[in-house]
Amino acid sequence: NAGVTQTPKFQVLKTGQSMTLQCAQDMNHEYMSWYRQDPGMGLRLIHYSVGAGITDQGEVPNGYNVSRSTTEDFPLRLLSAAPSQTSVYFCASSRTPGPQETQYFGPGTRLLVL
Amino acid sequence: GIQVEQSPPDLILQEGANSTLRCNFSDSVNNLQWFHQNPWGQLINLFYIPSGTKQNGRLSATTVATERYSLLYISSSQTTDSGVYFCAVERGSYIPTFGRGTSLIVHP
């Protein structure tokens with residue numbers, strides 16, 4: 001049972017490039033989400049999904065796309081990277097939606113946009 | 001939107017000491033959670049505590065929703081308690097608001 005996995009661990013992009021951050025979980029969780037964490041800040045929700053085929057926007061969705069074609073995978077796409085997207089990105093999952101459920105976090109992806 | 005303030009921002013302790021971390025929020029909330037981020041960046045849920053008191057080993061948390069604050073108590077601190085502690089509140093949507101965290105260093 002690997003839990004929540006994220007790839008890559010670290011990525012450098014040039015402004016305007018696109019990329020996909022991968023997130024997978026093997027716990028058959030319904031709920032998955034993406035956060036970003038900037039230095040000295042708490043997490044901010046980018047997008048979330050309450051099940052396969054269902055996604056919704058969080059607090060800071062601009063510049064990011066998501067899809068959920070399977071229960072296991074929830075990739076985050078940066079369409080045209082900007083320096084403001086330099087951050088650490090965390091994927092999380094829980095059995096069902098709602099804060100009463102324990103969330104399991106991936107190890108994070110550190111992204112630098114030049 | 002709702003404001004979340006955590007105090008103190010930084011805390012340095014000797015192993016074995018006790019500490020209290022505070023989370024104030026500016027409006028009524030439906031849900032409140034505490035998280036720990038270790039020095040290597042890994043995040044874990046500590047408590048889901050919209051009201052009342054919960055305990056888990058050396059950690060306990062109390063939320064007084066009517067007065068808009070929550071407290072996290074760490075007793076007999078250990079070096080493994082080091083890291084950043086976040087509280088996050090939510091008002092009935094799936095979108096939490098996180099505080100900036102309290103950074104804790106526990107020296108042996």
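Preceding this paragraph is the structure being described.
The structure contained in this document is the topic of the report that follows. (Residues numbered from 1 in each chain as written. Chains lettered and ligands numbered in written order. Predicted model: local features only at pLDDT ≥ 70, side-chain atom pairs only at ≥ 80, totals over all residues. Heavy atoms only, no water.)

Notes on the interface of chain A and chain B
- Contacts between chain A and chain B engage 24 residues on the former and 17 residues on the latter.
- Its largest share of buried area at the contact with chain B, chain A owes to A:Leu43, A:Pro99 and A:Phe105, together 33% of the area lost on that side.
- On the surface where chain A and chain B come into contact, there are zero salt bridges.
- The interface formed by chain A and chain B holds three residue pairs in polar contact (both at pLDDT 80 or more) in total.
- Contributing elements (two or more residues each) for the side of chain A that touches chain B: strand 4 (31-37) and strand 5 (43-51) of chain A.
- At four residues, strand 5 of chain A tops the list of elements feeding residues into the side of chain A that touches chain B.
- Tallied by class, residues from the side of chain A that touches chain B come to twelve nonpolar, ten polar and two charged. (Contact = heavy atoms within 4.5 Å. Buried area = accessible area lost by both parts, 1.4 Å probe. Salt bridge = Lys/Arg side-chain N within 4 Å of Asp/Glu carboxyl O. Polar contact = N/O pair within 3.5 Å; in protein donor to acceptor, adjacent residues only side chain to side chain. Helix = DSSP H or I, 4+ residues; strand = E, 2+ residues; numbered from the N terminus. Nonpolar A, V, L, I, M, F, W, Y, C, P; charged D, E, K, R; others polar.)

Brief notes about the packing of aromatic side chains
- Taken as a whole and judged by the stated rule, the model has nine aromatic pairs over all chains.
- Here the aromatic rings of A:Phe105 and B:Phe35 are separated by 5.8 Å at their centres, their planes lie at 80°, and the arrangement is edge-to-face. With one member in each of two chains, A:Phe105 in strand 10 (residues 104-105) and B:Phe35 in strand 4 (residues 31-37) form a pair that bridges those chains. The pair A:Phe105 / B:Phe35 is uniform in exposure class, with both members buried.
- Over the ring of B:Tyr69 we find B:Arg22, and its NZ or CZ is 4.2 Å from the ring centre. (Phe/Tyr/Trp six-rings, centres within 6.5 Å; stacked < 30°, edge-to-face > 60°. Buried < 20%, exposed > 50% of the residue type's maximum accessible area, 1.4 Å probe, protein only. Lys NZ or Arg CZ within 6 Å of the ring centre and 35° of its normal.)

In short, shape yes, function no, at least from these values alone.
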